[in-house]
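Examining the three-dimensional arrangement
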Amino acid sequence: MTDAPNVGTKKPLLEVNNLKKSFPIKKGFLQRTVGHVRAVDDVSFSITEGETLSLVGESGCGKTTTVRAIMRAINPDEGQVLFRTRDDETVDLAELSLSKIRPLRRDIQMIFQDPFSSLNPRMTIFQLISEPLLVNRIGTHEERQDRVVELLRQVGLRPEYMQRFPHAFSGGQRQRIGIARALAINPRLIVADEPVSGLDVSVQAQVINLMMDLQDEFGLTYLFVSHDLSVVNQISDRVVVMYVGRVAEVGTPQELFHNPKHPYTAALISSLPISDPKQRAERTVLEGEIANPANPPSGCYFHPRCPFAIDKCKVETPPLKEDSSGRLVSCHRADELELVGATKPGAATG
Amino acid sequence: MESNPVEHELALEMEDTVEERISVASQRQLIWWRFRKHRVAVVATAIIVIFYTMVIFADFLATNVPADSEAFRGLMPPQPVHIFDGWKPSPHVCAVSGARNPITFQKDYVTDCTEKIQVRLFARGYEYKLLGVIPTDRHLLGMSDDTLRPEDHIYLLGTDKQGRDMYSRLLFGTRISLTIGLFGVVLSLVLGIVLGAISGFYGGLIDNLIQRLVEITRSIPSIPLYMGIAAAFPHDWSILKIYFAITIIISLFAWTDLARVVRGRFLTMRDEDFVTAAMLSGANQRRIIFRHMLPSFYSHIIAAATLALPLMIIAETTLSFLGLGLRPPAISWGTLLQDAQNVQTIALTPWLMIPALPVILVILALNFMGDGLRDAADPYSN
Ligand SMILES: Nc1ncnc2c1ncn2[C@@H]1O[C@H](COP(=O)(O)OP(=O)(O)OP(=O)(O)O)[C@@H](O)[C@H]1O
Ligand code: SF4
Ligand SMILES: [Mg+2]
């Protein structure tokens, strides 16, 4: 785990408030809208400068949609995306026009999941990595060349490979190229959407380590997306657990692992492979299907699968609020439940 | 944690030069290497290159003015070139003389190989302008001046009813048919790319309108429509005007396929990660379209165009054959084949059907070449 900087003492770099995005479902000859997929349904969190915040959740819970809406690769329906610029001004990325966003793009860069489709196969490594510099008119050709050499060294690739095309590299190497591209214009926030889930397990660790080293070296801020809790545990300072477009719980990895407050988090953690056989008896098995975001259940979206659901859960949506211990949870029963974490002392005897 | 990149580098250092060559090969080179493996397509491409060279040098290759008619030499059989006279190399053709058969009133021709007409390369013939600019009277093949008698003639592929040289006419017909196809493809390429790109890139209402236009265009039966339009051509239009009118009409109907290809490509491209990546790094729309999107599928466009070309050529040939397209005295494969429309031809003057051979050859070659290009351009083929 990285040494967590003094989280909380600094002003947030990015603050997301009540973000919503739904996609119309179109059917039939006339392409009539017959419903909406609520991909992101009221998501709020904030990221402090220098920290790594992770979004976790099952496939389809809206992680990609959240980060794409933040980056304005798609337009959010509602909510605020407050970003603190270099001049210490706060702008709402959600409401700016695309032409006003363009100059801000150099502060927020992205690392993609698929190292194969995210690099244009027709461009050389030099052209790829220097593109952010070129389109933002930074430096002369020679300066850009020097910068690419420097970046390739930083991500552990040899500068001689500059004239090669992406097809000559392995998945892990391509992901390093993607990281170099994201670093090229010294962004202040790097959004990484499942940067390692397309890689072999052995290569995953290398790339995660590289990202953590670069963070230490350049004081980067990461918004990290993953569905893999063990990866998240390794890299994050804080974690946002999402379920069907909503935030279930926010906390540090230790808090979530050892003392989950939301039944969904507890279920996710107990689904991790564990070495201690005594603990197996205590595992909460997630039953039923993940809710359909086109037709979510009433009340708490998790209630059809929740072993602790009460009548209130079926009608009333739990808000995301601080519980008695100051943790952010959206569960009606957060204060009364005693949930089992990964290695909670005495868990086996219960 | 730093040891792993080093391991990677060591592995890369051990690559041999072949891999090094592939590493720095652009996408275009990779496509070319893949295309080269497709032997049939390479042969087909060579055939197409030869045919278009013939188009450019039709005058130089011709032996007679294609429009010169001599009624008394009508329907003469071909005169093949003999390279040896006994054992002595002496290129010549045999003289052919004819008389009218008093019973059938047909002309009967007798080939008389004792009378030899010497031929040579780069002989003098009718005057023309090479490539449209250099005036000359040299032709690839012709009769030698020194032994020439006024009644000598050379008709390599025989003559038609009006006594016009089939070989020269075939060259000029090839010129018209192949360029009509090419212009038509270029025109429909422009239409297809522009409309397809707008449709695929912007989507929404514009896309919907263009797609309906494509469907309407495709649903119109072409032959009756061509008939209608051909009937509407003023009869006093020059050959050139009709030529262009036909090109435009054919391409107005042929752009839809290309528009579909281009639109589909743009739609899938728009969601490609590397396009999003370019957008997120601050690239403007022009750069995204011209630097990232279009280059990723121009090989597909070339393949689609190559496959559209034979359809164009067939369309022109069909129209002219049916008397709806170019009309004599214009020469095209269609008008040449019009002369071979009856049973008599097959029985008595089979050489009039020779123009069918280049049609078949070119159409097949274009199809093989297009298939080869498409396979080479498609990264998922192997
Ligand atoms: N462009 C779109 N049009 C319609 N529905 C969409 C679109 N993009 C995403 N969705 C839907 O929104 C929901 C959330 O998708 P999203 O890709 O954000 O999930 P995710 O958490 O990133 O999942 P994964 O782990 O599979 O990447 C899914 O149900 C998905 O089907
Ligand atoms: S609100 Fe109810 S259903 Fe939802 S997680 Fe809490 S206990 Fe379970
Ligand atoms: Mg995703």
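Residues numbered from 1 in each chain as written. Chains lettered and ligands numbered in written order. Predicted model: local features only at pLDDT ≥ 70, side-chain atom pairs only at ≥ 80, totals over all residues. Heavy atoms only, no water.

1. Concerning the interface of chain A and chain B
Reports often express the size of an interface as the amount of accessible area lost when the parts come together. Each partner contributes to the interface: chain A provides 40 residues, whereas chain B provides 37 residues. Between chain A and chain B the total buried area reaches about 3,400 Å² when both faces are included, carbon and sulfur atoms providing 53% of it. When the buried area of chain A at its contact with chain B is split by residue, A:Arg122, A:Arg158 and A:Arg164 rank highest and sum to 20% of it. Counting the contacts that link chain A with chain B gives 2 salt bridges. Where A:Arg68 meets B:Asp273, a salt bridge forms, and the shortest distance between an N and an O atom there is 3.5 Å. Counting across the chain A and chain B interface gives 10 residue pairs in polar contact (both at pLDDT 80 or more). (Contact = heavy atoms within 4.5 Å. Buried area = accessible area lost by both parts, 1.4 Å probe. Salt bridge = Lys/Arg side-chain N within 4 Å of Asp/Glu carboxyl O. Polar contact = N/O pair within 3.5 Å; in protein donor to acceptor, adjacent residues only side chain to side chain.)

2. Let's talk about the nonpolar core
Ranked by size, the top nonpolar core spans 65 residues in total, and within it B:Leu178, B:Phe266, B:Met293, B:Ile313 and B:Val362 carry the most contacts. When neighbours within four sequence positions are excluded, B:Phe266 is seen to be in contact with B:Ala197, B:Gly200, B:Phe201, B:Ile289, B:Met293, B:Leu294 and B:Phe297. If you look at the next biggest cluster of nonpolar residues, it comprises 40 residues, including A:Ile111, A:Leu210, A:Met212 and A:Ile235. (Core = buried A, V, L, I, M, F, W, Y, C linked by side-chain atoms within 4.5 Å. Buried < 20%, exposed > 50% of the residue type's maximum accessible area, 1.4 Å probe, protein only.)

3. Concerning the domain arrangement of chain B
Once the domains are mapped, chain B shows domain 1 (79-154) and domain 2 (168-376). Relative placement of domain 1 of chain B and domain 2 of chain B: their C-alpha centres are 39 Å apart. (Domains from an automatic or database assignment.)

4. A word on the site of ligand 1
Residues and elements named next belong to chain A. Taken together, Phe 23, Val 37, Ala 39, Ser 59, Gly 60, Cys 61, Gly 62, Lys 63, Thr 64, Thr 65, Glu 194 and Pro 293 form the complete shell of residues around ligand 1. Lys 63 places a main-chain nitrogen or oxygen 2.9 Å from an oxygen atom of ligand 1. Residue Thr 65 places a side-chain N or O atom 2.4 Å away from an oxygen atom belonging to ligand 1. Protein chains bury 62% of the 630 Å² of accessible surface belonging to ligand 1 in isolation. (Near = heavy atom within 4 Å. Areas by Shrake-Rupley, 256 points an atom, 1.4 Å probe, with all protein chains shown as cover.)

5. What to know about the site of ligand 2
Residues in contact with ligand 2 amount to 13 residues; listed here are only the nearest, A:Cys300, A:Cys306, A:Cys313, A:Cys331 and A:His332. Here the residues of the shell around ligand 2 sort into 9 nonpolar, 3 polar and 1 charged. (Nonpolar A, V, L, I, M, F, W, Y, C, P; charged D, E, K, R; others polar.)

6. With respect to the environment of B:Val362
All names here are of chain B. Take Val 362: it is sitting in helix α15 (residues 356-377). On the accessibility criterion, Val 362 (1% relative accessible area) is buried. Sequence separation between Val 362 and Ala 44 is 318 residues, and the spatial gap between their C-alpha atoms is 8.4 Å. (Helix = DSSP H or I, 4+ residues; strand = E, 2+ residues; numbered from the N terminus.)

7. Let's talk about the pairing of strand β3 (residues 107-130) of chain B
On a regular strand, each side chain points to the face opposite its neighbour's, so the side chains alternate between the two faces of the sheet. All names here are of chain B. Relative to β3, strand β2 (residues 88-100) runs antiparallel, the two sharing 9 bridges. Bridge pairing in β3 places Ser 97 opposite Val 110. Bridge analysis of β3 against strand β4 (residues 134-143) gives 8 bridges, and the strand direction is antiparallel. Of the residues in β4, the one forming a bridge with Arg 124 is Arg 138. Hairpin geometry of β3 and β4 is characterised by an intervening segment of 3 residues between the two adjacent antiparallel strands and by a positive phi of about 55° at Leu 131. (Pairing = 2+ DSSP bridges.)

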